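Here are the chains, one letter per residue:
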Amino acid sequence: MIVSPGMSLGLQAAATALNPYDFARLSSEELGRTLTSATTTLGTEFDTAGVLNYAPNNLALYSDDLSNAAWTKSGTTIAVNQAVGRDGLSTLDRVKEAAGTGAHWVLHDTTVVNGSRIVMSGVVKGWNRDWAFLEIYSSGGTGQQYLSINLTDGSYSEIVASGGAFIESSVTDLGGGLYEWSATVTASSATMRLIASPAESDGTGRPTFAGDTGKGIYLGGLQIEQASLTQIAPTPYHTTTSAAYFGPRKQVVYDGAAWLDKGLLVEGAATNMLTYSEQLDNAAWTKTNATAGANAAVSPDGKTTMDSFTGDAGTAGKSLRTAVTMVNGTDYVYSFFVKKQASFIQVYSNSGWGGNSKANINLSTGAVSADFSFTASAEDFGTFWRVSVEGPATSTSSNIYISLITDITSARGSSTAVVGPIYLWGMQFELGTSPTSYVPTVASAVTRGGDDISILTADITGWDDEIGTFVVEHGQMSGSERLLSGESNAAVLYKSTNISTYNLSAALNSANGDVTTAGDHTSAVAGDASGRSITVDGAAVTSDSNTFIGTDITRLDIGKQDNNSNYLNGHIARITYYPTRLSDAAIQALTA
């Protein structure tokens, strides 16, 4: 972040910040180059075309350290950091051939989702060898893909075996004899494997030859991405060590006419308790007087994996159910994507969740009718609704149902002659009162960790712990969420029910603007050693005598507290920092 200090603090000429963190104008890949991510699990996000994708990731461990045990060596030895990689640093390792006739290779296995698209990439350079041979395949699966690369000019050939197929491949000359290679394939098992070998010449299979201890290849920069349906090329490289890289995510919403980029998405951890979230034909889902048809329609991720649900002929009730285990008295929310059409559905339980409540949904208009302890909504996702129904657990277990109904007024568990079909996908049941981003599951529940995104204060030009102003554009807040927080839980800007009495904080409450109303908001805190002023949406400014931050911090956590609590569970569109305390009139004007 670059700021320009020294401008007037008056209302007419407030100090300005150049190139603020404008998250709504950055792609997910650009966010990854701007922000630090310590997120520990794979997350999903919608793009501005309305397609659900995986956020940027690199699943390969020790991507630049071939000496690590994550890399298996045979007929080779490794010398680390021997050549310049694509980052301009000496990060490429030398793979030196051992003496003796045989194969000479290094191997790396990475856990992926079986059946998903994988984009694998890396960099390679010759060390007294003019060829490299790469084997790219799913260990224990079917199909093999090979690349034979000429390290003198970057020409290469694709070879496939056992039913293998490339979706895409490339070799790009980066200069100085360094080549970036990539291969896009479909995983046929849960383990994606790379075997890289120096080679004497072009070939169609793993090379075997008399090794020369003065020859080999330079290798590194391995990136293995869990890719979206439309991705065919690698995203910008992110190095890894003992943990995979999972990048920042975007929040994109549909306003009924267009997909809008709202900026950075920050959510706490969430567990999808349902299994086979996309396979309603699985036995985990019980069909009563109905059948489920696999892969019957295009789903929100662009694949044809949305299942149909069709009622049998006759007037008996037609339902889809699954069982859940809960903590009595705790709120849970059930969500799923359903294709828009002229039909009605009902969500209810056998009284263990929400008691005798029901929620009826009009799949044409998105209108909902919920009673007793249920609240329900249908969020517009273009050609789909994402239906969510929230209610308290009234027992420790329950069956939860989706049934076909005649109209919006149908009674709980009523019979109907309607047969559909309707189309469902992305079933999710989780703790809380509103759904979080979708977490795919197969045979077991899956937990998505909380987003752990931060800015290093050393990267903020003019940063000063004692004086400054933050202006943050963000979404609705409800609990004690943080917008910005330093390490040791030093809160910079957050929501509370009153002005905090402890140091290092600026709380937003109804006295200085209401962030709990639906829609977007702009909040600001300006302070120095004598105190702070805060406002929301241009409302009256509230001040106190606490210092701006007053302690050295090296990092600002975005949308959460340092101890991974008080998550925003929403979006931040823009953060602007001014290295001075702006006047009350100025922050009112900036947030109005």
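Further up the page is the structure itself.
A brief look at the structure comes next. Computed from a prediction, not measured in an experiment: that's the story for all the values here.

**Some thoughts on the overall build of the protein chain**
Inference 1: Secondary structure summary: the protein chain contains 2 helices and 48 strands in total.
Inference 2: Computed over C-alpha atoms, the radius of gyration of the protein chain comes to 27 Å, within 12% of the 25 Å expected from 2.2 N^0.38 for 592 residues, which places it in the range of a compact globule.
Inference 3: Every one of the 592 residues in the protein chain was classed for burial, and the buried ones make up 52%.
Inference 4: Across the protein chain, contacts joining residues at least 24 apart in sequence account for 69% of those joining residues at least 6 apart.
Inference 5: When the accessible area of the protein chain is evaluated, it comes to approximately 21900 Å², of which 49% is carbon and sulfur surface.

**Here we look at the pairing of strand 40 (residues 468-474)**
Within a regular strand, the side chains alternate between the two sheet faces.
Inference 1: Most of strand 40 is tucked away: 6 of the 7 residues are buried.
Inference 2: Note: strand 40 against strand 44 (residues 521-528), 7 bridges, orientation antiparallel. From the neighbouring strand, T469 faces strand 44, where its bridge partner is A526.
Inference 3: When strand 40 meets strand 48 (residues 570-578), the two strands line up antiparallel, connected through 6 bridges. Bridge pairing links H474 to I572 in strand 48.

**Notes on unusual backbone geometry**
Inference 1: Here G420 and P421 are connected by a cis peptide whose omega angle stands at 10°.
Inference 2: As for its placement among the helices and strands, P421 is situated in the loop between strand 36 (397-405) and strand 37 (422-431).
Inference 3: A positive phi angle is found at F372, which is not glycine, with a value near 55°.
Inference 4: Following the sequence through the fold, F372 ends up in the loop between strand 33 (368-370) and strand 34 (375-381).

**Describing the pattern of salt bridges**
Inference 1: Within the structure shown, the criterion is met by 18 salt bridges.
Inference 2: For K340, the salt bridge is made with D380, and the minimal N-O distance between the two is 2.7 Å. A residue pair is termed long-range when its members are at least 10 positions apart, and K340 in the loop between strand 30 (331-339) and strand 31 (344-349) and D380 in strand 34 qualify at 40 residues.
Inference 3: The residue D557 makes a salt bridge to R555 at a minimum N-O spacing of 3.0 Å.

**Side note on the sheet that holds strand 19 (residues 191-199)**
Inference 1: Strand order in the open sheet made by the 6 strands is 8-12-19-14-15-16, with antiparallel pairing throughout. Edge positions in the open sheet fall to strand 8 (71-74) and strand 16 (156-161), since each of these has one partner strand only. Averaged over neighbouring strand pairs, the angle between their axes works out to 20° when direction is ignored.
Inference 2: Strand direction decides the pairing type here: strand 12 (residues 105-111) and strand 19, joined by 6 bridges, are antiparallel. By the bridge assignment, V106 is partnered in strand 19 with A196.

**So, helix 2 (residues 584-591)**
Every α-helical turn comprises 3.6 residues, leaving residues that sit three or four positions apart pointing alike.
Inference 1: If you check which residues of helix 2 are buried, you get A586, I587 and T591. The buried residues of helix 2 occupy one face: seen down the axis, they fall within an arc of 120°.
Inference 2: Lining the buried residues of helix 2 we find strand 40, strand 44 and strand 45 (531-536).

**Concerning the environment of V95**
Inference 1: Relative to the helices and strands, V95 is located in strand 10 (residues 92-97).
Inference 2: V95 gets classed as buried once you look at its relative accessible area, which sits at 0%.
Inference 3: For the pair V95 and Q82, spaced 13 residues apart in sequence, the C-alpha separation works out to 9.8 Å.
Inference 4: With sequence-adjacent residues up to four places away left out, V95 is seen in contact with L66, T76, T77, I78, V106, K215, G216, I217 and L219.

**Observations regarding empty space enclosed by the protein**
Inference 1: Tallied over the full model, the rule gives 3 cavities of 30 Å³ or more.
Inference 2: The calculated volume of the largest cavity comes to roughly 50 Å³.
Inference 3: If you go around the largest cavity, the residues you meet are T39, T41, L42, G43, A55, P56, F246, G247, R249, R448, G449 and D451.
Inference 4: When the residues that make up the lining of the largest cavity are grouped by side-chain class, the tally is 4 nonpolar, 5 polar and 3 charged.

**Observations regarding the layout of surface pockets**
Inference 1: In this structure, the largest pocket encloses a volume near 1300 Å³.
Inference 2: Listed by contribution, the elements that provide at least two residues to the lining of the largest pocket are strand 5 (44-46), strand 23 (249-254), strand 25 (270-272), strand 30, strand 34, strand 35 (384-392), strand 37 and strand 48.
Inference 3: Each pocket or cavity is described by its volume, and for the second largest pocket that value is around 850 Å³.
Inference 4: Forming the boundary of the second largest pocket are 39 residues, of which Y54, V113, E278, P440 and T441 lie nearest the centre.

**Looking at the sheet that holds strand 37**
Inference 1: On the basis of which strands lie adjacent, the open sheet formed by 6 strands has the order 27-28-37-30-35-34 and antiparallel pairing. Each end of this open sheet is capped by a strand with a single partner; those strands are strand 27 (290-297) and strand 34. Geometrically, the sheet is characterised by an average inter-axis angle of 30° between neighbouring strands, direction not taken into account.
Inference 2: Of the pairings in the sheet, the one linking strand 34 to strand 35 comprises 7 bridges and is antiparallel in character. Each bridged residue has a counterpart across the sheet, and for A378 the counterpart in strand 35 is V387.

**Looking at the packing of aromatic side chains**
Inference 1: Tallied over the full model, the rule gives 20 aromatic pairs.
Inference 2: Here the aromatic rings of F337 and Y438 are separated by 6.5 Å at their centres, their planes lie at 85°, and the arrangement is edge-to-face. Taken together, the residues span a long stretch of sequence, with F337 in strand 30 and Y438 in the loop between strand 37 and strand 38 (446-448) at a distance of 101 residues. With respect to burial, F337 and Y438 carry one shared label: buried.
Inference 3: A ring pair is formed by Y348 and Y401, whose centres lie 4.7 Å apart and whose planes are at 5°; its orientation type is stacked. One end of the pair, Y348, is in strand 31; the other, Y401, is in strand 36, and 53 residues separate them in sequence. Comparing Y348 with Y401, the two get one shared label, buried.

**Observations regarding the pairing of strand 31**
Inference 1: Strand 31 sits mainly inside the fold: 5 of its 6 residues count as buried.
Inference 2: Two strands pair when backbone bridges link them, and strand 31 and strand 36 are joined in this way by 6 bridges, in the antiparallel orientation. Bridge assignment links Q346 to a residue of strand 36, and that residue is S403.

**Quick look at the side chain of R129**
Inference 1: Tracing the backbone through its elements, the reader meets R129 in the loop between strand 13 (117-127) and strand 14 (131-138).
Inference 2: At 2.7 Å, the side chain of R129 forms a polar contact with the side chain of E97.
Inference 3: Sequence-distant contacts of R129, defined by excluding residues within four places in its chain, comprise E97, L151, P198, A199, E200, F209, A210, D212, K215 and G216.

Rules used throughout
- Residues numbered from 1 in each chain as written.
- Predicted model: local features only at pLDDT ≥ 70, side-chain atom pairs only at ≥ 80, totals over all residues.
- Heavy atoms only, no water.
- Helix = DSSP H or I, 4+ residues; strand = E, 2+ residues; numbered from the N terminus.
- Rg over C-alpha atoms; globule rule 2.2 N^0.38 Å.
- Buried < 20%, exposed > 50% of the residue type's maximum accessible area, 1.4 Å probe, protein only.
- Contact = heavy atoms within 4.5 Å.
- Areas by Shrake-Rupley, 256 points an atom, 1.4 Å probe, with all protein chains shown as cover.
- Pairing = 2+ DSSP bridges.
- Salt bridge = Lys/Arg side-chain N within 4 Å of Asp/Glu carboxyl O.
- Axes fitted to C-alpha atoms, helices over the stretch in contact; angles between N-to-C directions.
- Arc of directions from axis to C-beta.
- 1 Å grid on protein atoms, 1.4 Å probe; cavity = no way out; pocket = protein on both sides within 12 Å on 5 of 7 lines; lining within 4 Å.
- Points joined across faces, edges and corners; volume = space filled by probe spheres on them.
- Nonpolar A, V, L, I, M, F, W, Y, C, P; charged D, E, K, R; others polar.
- Phe/Tyr/Trp six-rings, centres within 6.5 Å; stacked < 30°, edge-to-face > 60°.
- Polar contact = N/O pair within 3.5 Å; in protein donor to acceptor, adjacent residues only side chain to side chain.

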